[in-house]
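Here is how the chains run, residue by residue.
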Amino acid sequence: MTLSPSRLMADSPVKVNFPGQADSAPSVEDQKRMEQSYNQMKRKMSIAQMGKAIKHKIMVLSGKGGVGKSTVATGLALSLAQEGLKVGLLDIDITGPNVPKMMGLDGHRLDVMDGRIHPAKGHLGVKVISMAFLLEDEDTPVIWRGPIKLGAIQQFIGDVEWGNLDYLIIDFPPGTSDEPLTVAQSLPDISGMVIVTTPQDVALLDSRKSLTFAKSLKVDVLGVIENMSGYTIHGKSMPNEDIELFGPGGKTINATADDSGLWSATLDIFKAGGGKKISDDFNVPFLGALPFDPGFVRGGDDGVHRIVSEPEGASALAFADVVSAIKDQVEKSSSSPGLEII
Amino acid sequence: MPQLTRLERRDTDMVLDWDDGTNHTIPYDDIRHACPCASCSPQRNEDETSMMLRHTIENLPREKPTVRTIGNYALSFEWVQGCSSGIYRFERLWKLGEKQDPDGGKTYVHGAW
Ligand SMILES: Nc1ncnc2c1ncn2[C@@H]1O[C@H](COP(=O)(O)OP(=O)(O)OP(=O)(O)O)[C@@H](O)[C@H]1O
Ligand SMILES: [Mg+2]
């Protein structure tokens, strides 16, 4: 079934009969209004319910577009699923939702049954809901006006049958738009947000903006992830030979081959250490760096994320490290601050 | 800022104990009036609407709220009647206890992030 936003709105889960209709039948508008507020109340209740069924909810944000937010969000979900946890992935980017592609769910449509939305099952059993499931055609992004878009987000939050989850990862469009605010205000107990950045100065500048934004959202910042950090190349030469490479920016990189002549060196495509610096500046944790890996681009294209195709590869290992740093932060922030309430 | 160690709910106010030895007593009406949610906040921007908000709150039936911790940084207060949406950062509670303007004199502008 293909759904347009208006169709989704009209597909309200409950039909209500109001008492006393016989003598003083409410006008059509009144009835509509009552029905709407009834639905809103139902949604509020199901959101509260969801707050309990989903243990940890993590928002993935970036200041700038194209830094790899969706790749990272998908990677985090897969990496957590690899550990045997129950994971959901919510893709709220309406203008360029690319999560379905990476999850092998290209062309999937929204599954609505009895007024509830059922997530799709992606790689490793990750439950996925994407704004793309609403689009008639992925290549023509819809321009929804603000209220419709935000209404759809609220519906996405309230009407999805996630079941019990250990983690829900939420991917956003880039920048400091309305979407994170809507989610932060509608979803109770958000564990926190992670900020994805690349090491370039511009991206870092934008990350500063998003950290300031994070503060205004009143959601904890779990930390900063540096994506596309370094690119590691491997080579073969004479055993124990010293290798000299001319890296980006005229920097010389040295490596030494091992006994069998194998060597590797990491090139910093962009400036190194930017993520660490910004997390120091803002006094938030640094969650780790993810390497530049052309396999991510391929994976995005052929529908198999790097973590699935190479679960033991360097990128998957880097993701596992970031995930363990996130878990530490989540545990820290959910441990009660030793407050006695009487 | 000191850490909140104990919160005692009384009939019309609550007592907050902080780990530096400070104690605050905050009336529930003050807590409610300082609700940081997007619907209550703008009402405090103008004296007139702020007073109306205050008036509405004072006319609500007396009740003890359910208090929940939000992460390690805030509390929420759930009331049977009236607004329960606000997430109160500990800083906010401290300011209220110290009788400082919890909004820091800033007006609330929706969407100005
Ligand atoms: N670590 C990486 N190494 C190499 N390529 C990467 C890496 N991370 C992401 N990419 C590639 O960069 C491009 C942008 O990534 P992605 O779509 O995840 O970014 P985004 O921040 O979600 O973008 P948008 O702002 O449009 O939502 C994609 O082609 C992706 O494959
Ligand atoms: Mg994206």
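Let us look at the structure shown here. (Residues numbered from 1 in each chain as written. Chains lettered and ligands numbered in written order. Predicted model: local features only at pLDDT ≥ 70, side-chain atom pairs only at ≥ 80, totals over all residues. Heavy atoms only, no water.)

Residues and elements named next belong to chain A. Lining the immediate environment of ligand 1, one finds 17 residues, of which Lys69, Ser70, Thr71, Asn98 and Asp293 sit closest. Within the contact set of ligand 1, an oxygen atom lies 2.8 Å away from a side-chain nitrogen or oxygen of Asn98. One nitrogen or oxygen atom from the side chain of Asn227 is found 2.9 Å from a nitrogen atom belonging to ligand 1. Protein contact buries 81% of the 630 Å² of open area that ligand 1 shows by itself. Put simply, the parts of the chain that give the shell around ligand 1 at least two residues each are helix H3 (69-82) and helix H9 (294-302). Take the shell around ligand 1: its biggest share by element is 3 residues, from H3. (Near = heavy atom within 4 Å. Polar contact = N/O pair within 3.5 Å; in protein donor to acceptor, adjacent residues only side chain to side chain. Areas by Shrake-Rupley, 256 points an atom, 1.4 Å probe, with all protein chains shown as cover. Helix = DSSP H or I, 4+ residues; strand = E, 2+ residues; numbered from the N terminus.)

Here helix H6 (residues 178-186) of chain A lies mainly inside the structure; 7 of its 9 residues are buried. For H6(A), the full list of buried residues reads Glu179(A), Pro180(A), Leu181(A), Thr182(A), Val183(A), Ala184(A) and Ser186(A). (Buried < 20%, exposed > 50% of the residue type's maximum accessible area, 1.4 Å probe, protein only.)

This paragraph deals with the interface of chain A and chain B. Taken together, the 19 residues of chain A in the interface contact 19 residues of chain B. Taken together, both faces of the contact between chain A and chain B bury some 1800 Å²; the carbon and sulfur share is 54%. Applying the counting rule to chain A against chain B returns 1 salt bridge. Residue Arg6(B) pairs with Glu340(A) through a salt bridge whose shortest N-O separation is 3.9 Å. Applying the counting rule to chain A against chain B returns 4 residue pairs in polar contact (both at pLDDT 80 or more). Taken together, the elements giving at least two residues each to the side of chain A that touches chain B come down to H6, helix H7 (201-217), helix H11 (314-334) and strand E15 (340-341) of chain A. Looking at which element gives the most residues to the side of chain A that touches chain B, the answer is H7(A), with 3 residues. A class-by-class count of the residues in the side of chain A that touches chain B yields 9 nonpolar, 5 polar and 5 charged. With 2 bridges connecting them, E15(A) and strand E1 (residues 4-9) of chain B associate as parallel partners. Bridge pairing in E1(B) links Ile341(A) to Leu7(B). (Contact = heavy atoms within 4.5 Å. Buried area = accessible area lost by both parts, 1.4 Å probe. Salt bridge = Lys/Arg side-chain N within 4 Å of Asp/Glu carboxyl O. Nonpolar A, V, L, I, M, F, W, Y, C, P; charged D, E, K, R; others polar. Pairing = 2+ DSSP bridges.)

Tallied over the entire structure, the rule returns 13 salt bridges over all chains. Among the salt bridges present, the one from Lys327(A) reaches Glu83(A), with a minimum N-O distance of 2.2 Å. Of the two residues, Lys327(A) sits in helix H11 while Glu83(A) sits in the loop between H3 and strand E2 (87-91), which places them 244 residues apart along the sequence. Taking the relative accessible area as the measure of exposure, Lys327(A) reaches 22% and is therefore partly exposed. Using a relative accessible area of 40% as the deciding quantity, one classes Glu83(A) as partly exposed. A salt bridge links Arg32(B) to Glu63(B), with the nearest nitrogen and oxygen atoms 3.4 Å apart. Remark: Glu63(B) occurs in the loop between helix H2 (47-58) and strand E4 (66-70) and Arg32(B) occurs in helix H1 (residues 28-33); sequence separation between them is 31 residues. Accessibility expressed as a relative area gives 7% for Arg32(B), which makes it buried. Looking at Glu63(B), the relative accessible area reads 16%, which means it is buried.

What follows covers the nonpolar core. Counting 78 residues, the largest nonpolar core has Leu76(A), Ile169(A) and Ile326(A) as the members making the most contacts within it. At 8 residues, H11(A) tops the list of elements feeding residues into this core. The residues contacting Ile169(A), other than those within four sequence positions of it, are Ile58(A), Val60(A), Ala73(A), Leu76(A), Ala77(A), Leu80(A), Val87(A), Gly88(A), Leu89(A) and Leu90(A). Grouped together as the second largest cluster of nonpolar side chains are 22 residues, Ile26(B), Tyr28(B), Ala34(B) and Leu75(B) included. (Core = buried A, V, L, I, M, F, W, Y, C linked by side-chain atoms within 4.5 Å.)

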